[in-house]
Every structure is written in structure tokens, then in C-alpha cells.
Amino acid sequence: QNKKEKYDFMFKIVLVGFFEVGKTQILSRFCDNQFTDEYEQTIGAAFKTKTIEIEGKIIKLQLWDISGPERFRTITPMYFRGAKRFLVYDITNQDSLRNINGYWMEKIKEVTNENLQMILIGNKNDLEEKRIISKEKGKEFADKLQIPFYEISVKNNINIDDAFYHLTTNILENI
Ligand code: GDP
Ligand code: MG
């Protein structure tokens with residue numbers, strides 16, 4: 001470890017969710033403070049890192065962005081081992097919440113039975129006029145899973161840091 005790399009903890013977090021919910025943009029915003037309206041398809045898996053400080057502890061987050069399960073079914077499971085999850089849906093897309101409730105919840109159960117920390121994220125809340133999923137609906141689903149819930153906007157940079165800090169604080173409290 002060189003000086004720049006010094007940290008107290010390293011946590012691995014995987015962003016999961018339907019295509020185009022904003023996973024790639026969440027990481028660009030959180031790690032590089034960048035956002036684009038262009039859609040660049042993610043191929044395979046990639047990660048970014050960000051080091052944050054909570055209660056005097058230096059924490060390095062390794063954030064994984066994995067692309068659609070349809071094409072990478074076989075490689076997906078290994079990304080979950082020991083990873084916390086950032087479950088993302090898009091408030092303008094009904095299928096994206098169904099996808100979390102169905103596909104991803106099953107997938108997570110298949111890979112691990114550890115009760116690892118998760119957070120539910122409804123993205124794109126700047127698109128109020130296109131909203132399909134109410135905030136109450138998102139909250140209700142998160143309550144059922146007993147996990148925290150945030151609506152965010154990557155575009156307007158709303159609540160992204162709060163969501164990552166909340167999840168990281170929960171992880172810290174459970175080690
Ligand atoms: P991914 O497939 O989950 O990685 O989704 P991307 O991060 O590539 O985003 C898909 C599309 O949604 C892109 O065109 C983004 O610009 C757009 N997008 C992402 N986040 C937001 C947001 O908060 N608000 C709006 N309006 N568009 C967003
Ligand atoms: Mg992507």
C-alpha cells in the first residue's frame with residue numbers, strides 16, 4: 001500500500017438492475033462527477049473505485065457495473081460473492097422494478113444465502129412527467145425487503161452521495 005492507497009476497509013458493491021436504468025451513469029457521477037445523455041452500452045463488467053471517509057474511517061469502495069444478465073449469465077454469479085448490492089430501477093419504467101423483484105431477487109438467492117446489505121434505488125426522479133412508479137410503491141417494496149430506499153437523479157445529482165454513504169454506514173455497522 002502506498003500512501004495514496006491507505007484505507008481502513010475495502011467494500012465491494014455491485015450495481016444491479018435492468019438495462020438503461022442508469023447504472024453506468026451512477027458510477028460516472030459518483031466517481032468522476034460526470035453525466036451524459038448518451039447511452040453507452042456496457043459490455044461485460046467493469047469497476048470504478050472511490051475512497052470516502054465515514055466517522056474517521058477511510059473506506060475504499062470498489063463499485064461493479066455489470067451489464068445485462070441476458071448476455072452474461074454465466075459470469076454474473078462471481079460478482080456477487082462478498083459483495084453488497086445497489087439495486088437500481090428507473091421510476092419511468094415499470095419493467096425495471098419487476099426485474100428487481102423477479103429476476104434479481106432470485107439470482108441473489110441462488111448465489112448466496114448470506115443476508116448482505118442492500119439498498120433500493122429509484123433513479124431518474126427528474127423525469128416527473130414520465131413517472132410510472134410512485135415513490136410510495138418504491139418505499140413499500142424496500143420495506144418488504146427491509147432495506148433502505150432512495151429516489152435519486154443522476155442527471156440533477158440528487159441523493160447519489162447520500163445513498164452510497166447510507167449503504168456504506170450500514171456495512172460498517174455490520175462488520
Ligand atoms: P445502464 O444500462 O443501467 O448502465 O444505464 P446508463 O447509465 O447507460 O443510462 C441509460 C440512459 O439513461 C442514458 O441515456 C442516460 O443518460 C439516462 N439516464 C441515466 N440516469 C438518468 C437520470 O437521472 N435522469 C435522466 N433523465 N436520464 C438518466
Ligand atoms: Mg451500463
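Residues numbered from 1 in each chain as written. Chains lettered and ligands numbered in written order. Predicted model: local features only at pLDDT ≥ 70, side-chain atom pairs only at ≥ 80, totals over all residues. Heavy atoms only, no water.

- For the protein, the name recorded in an unreviewed UniProt entry is Small gtp binding protein rab8, with Anaeramoeba ignava as its organism.

Examining the pairing of strand β4 (residues 83-90)
Then, number 1: Among the eight residues that make up β4, eight are buried, leaving the element largely enclosed by the rest of the structure.
Then, number 2: Alternating residues of β4 divide into Ala83, Arg85, Leu87 and Tyr89 and Lys84, Phe86, Val88 and Asp90, and every residue in both groups is buried.
Then, number 3: Examined bridge by bridge, strand β1 (residues 9-16) and β4 share five bridges and lie parallel to one another. Residue pairing for β4: Val14 is matched across the bridge by Arg85.
Then, number 4: Across six bridges, the pairing between β4 and strand β5 (residues 118-123) is parallel. Bridge pairing in β5 places Phe86 opposite Ile119. (Buried < 20%, exposed > 50% of the residue type's maximum accessible area, 1.4 Å probe, protein only. Helix = DSSP H or I, 4+ residues; strand = E, 2+ residues; numbered from the N terminus. Pairing = 2+ DSSP bridges.)

Digging into the packing of aromatic side chains
The description of two aromatic rings rests on the distance between their centres and on the angle between their planes.
Then, number 1: Tallied over the entire structure, the rule returns five aromatic pairs.
Then, number 2: An angle of 10° between the planes, with centres 4.2 Å apart, marks the rings of Phe86 and Phe164 as stacked. Pair noted here: Phe86 is in strand β4 and Phe164 is in helix α6 (residues 160-173), with a separation of 78 residues, a long-range link. Each member of the pair, Phe86 together with Phe164, is buried.
Then, number 3: Members of the aromatic cluster, each reached through a chain of ring pairs, are Phe30, Phe86 and Phe164.
Then, number 4: Stacked on the ring of Phe30, the Lys or Arg Lys50 has its end atom at 4.7 Å from the ring centre. (Phe/Tyr/Trp six-rings, centres within 6.5 Å; stacked < 30°, edge-to-face > 60°. Lys NZ or Arg CZ within 6 Å of the ring centre and 35° of its normal.)

A closer look at helix α5 (residues 135-145)
Then, number 1: Listing the buried residues of α5 in full gives Gly138, Phe141 and Ala142. The buried residues of α5 occupy an angular sector of 100° when projected down its axis, which confines them to one face. Seen from the open side of α5, the exposed residues pointing more than 90 degrees away from its buried face are Glu136, Glu140 and Lys144.
Then, number 2: Immediately downstream of α5, the backbone of Gln146 shows phi near 60°, a positive value. (Arc of directions from axis to C-beta.)

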